[in-house]
Amino acid sequence: MSFAVQIEPAQGVPSEVDYRWDADTDILTAAVRAKAVGEGLCGSVELMGGDGAWLNLDVTAGRIHGVEVAVWPDVRKVSALRVPASIEDGRVAVPLRKLGSDVGSVSIDTALMAEADHAEETIHFRVGPPRQVRTVRIARDLLLDVDSHGRIAGVWLLNVPPFPVDQ
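Note that the structure is a prediction, hence the values are computed from the model and not measured.

A. Just the layout of surface pockets, in detail. Quantified by volume, the largest pocket comes out at close to 390 Å³. Every residue lining the largest pocket is counted, 20 residues in all, and those nearest its centre are Gln11, Val32, Ala34, Arg91 and Ile138. Elements with a contribution of two residues or more to the lining of the largest pocket: strand S6 (63–71), strand S8 (87–93) and strand S12 (133–139). In terms of residues, the lining of the largest pocket owes the most to one element, S8, which gives four residues. Of the residues in the lining of the largest pocket, the class split is 10 nonpolar, five polar and five charged. For the second largest pocket, the full set of lining residues is Trp21, Trp72, Val75, Ala116, Ala119, Glu120, Ile123, Val160, Pro161, Pro162 and Phe163.

In structure tokens, the structure reads:
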């Protein structure tokens with residue numbers, strides 16, 4: 001199963017992203033600092049991998065407002081993980097008609113793959129099979145890959161702070 005969104009023109013400068021690591025659980029949260037404005041679904045979209053990994057997309061006012069990585073897929077280290085050269089700024093809307101107006105969350109079973117640079121400052125999660133995508137910046141350090149059918153095909157986290165180390 002896949003999850004389709006609508007790409008809309010950006011409004012203003014991309015918002016900052018606040019990262020938070022939970023050292024006890026290895027959960028990484030990336031939250032868009034500016035509050036979402038609009039109407040629509042408030043809840044979550046869980047992208048669940050067959051290996052138990054999952055990403056949680058936080059949806060507020062019909063907009064993707066953050067990402068939480070709670071159970072990590074195996075992360076492949078890539079010496080030269082390159083962010084796509086062509087990135088458009090935009091807003092991502094989650095259409096209510098696809099989910100129903102009373103749905104607060106949805107779970108989608110899909111393949112998840114993660115790769116990161118050696119410093120783990122850039123992390124890319126691929127959702128589903130490889131395919132042609134366009135990359136949309138929804139916040140300064142949060143990008144989404146979207147395929148030609150409007151389905152989410154990937155999530156990029158940029159400038160991720162290091163995992164906290166016990167002192």
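From this point on, the discussion continues.
B. Region of interest: the packing of aromatic side chains. Scanning all chains against the criterion turns up three aromatic pairs. Ring geometry for tryptophan 21 and tryptophan 72: centres 5.9 Å apart, planes at 15 degrees, overall stacked. Here tryptophan 72 lies in the loop between S6 and strand S7 (75–77) and tryptophan 21 lies in strand S2 (residues 17–22), a separation of 51 residues in the sequence. Aromatic pair tryptophan 21 and phenylalanine 163: ring centres 5.0 Å apart, planes at 85 degrees, arrangement edge-to-face. With tryptophan 21 in strand S2 and phenylalanine 163 in the segment after strand S14 (152–157), the pair connects residues that are 142 residues apart, well separated along the chain. You can call phenylalanine 163 partly exposed: its relative accessible area is 32%. Feature note: the residues Trp21, Trp72, Phe125 and Phe163 constitute an aromatic cluster, connected by ring pairs.

Here is what the cut-offs are and how they apply
- Residues numbered from 1 in each chain as written.
- Predicted model: local features only at pLDDT ≥ 70, side-chain atom pairs only at ≥ 80, totals over all residues.
- Heavy atoms only, no water.
- 1 Å grid on protein atoms, 1.4 Å probe; cavity = no way out; pocket = protein on both sides within 12 Å on 5 of 7 lines; lining within 4 Å.
- Points joined across faces, edges and corners; volume = space filled by probe spheres on them.
- Helix = DSSP H or I, 4+ residues; strand = E, 2+ residues; numbered from the N terminus.
- Nonpolar A, V, L, I, M, F, W, Y, C, P; charged D, E, K, R; others polar.
- Phe/Tyr/Trp six-rings, centres within 6.5 Å; stacked < 30°, edge-to-face > 60°.
- Buried < 20%, exposed > 50% of the residue type's maximum accessible area, 1.4 Å probe, protein only.

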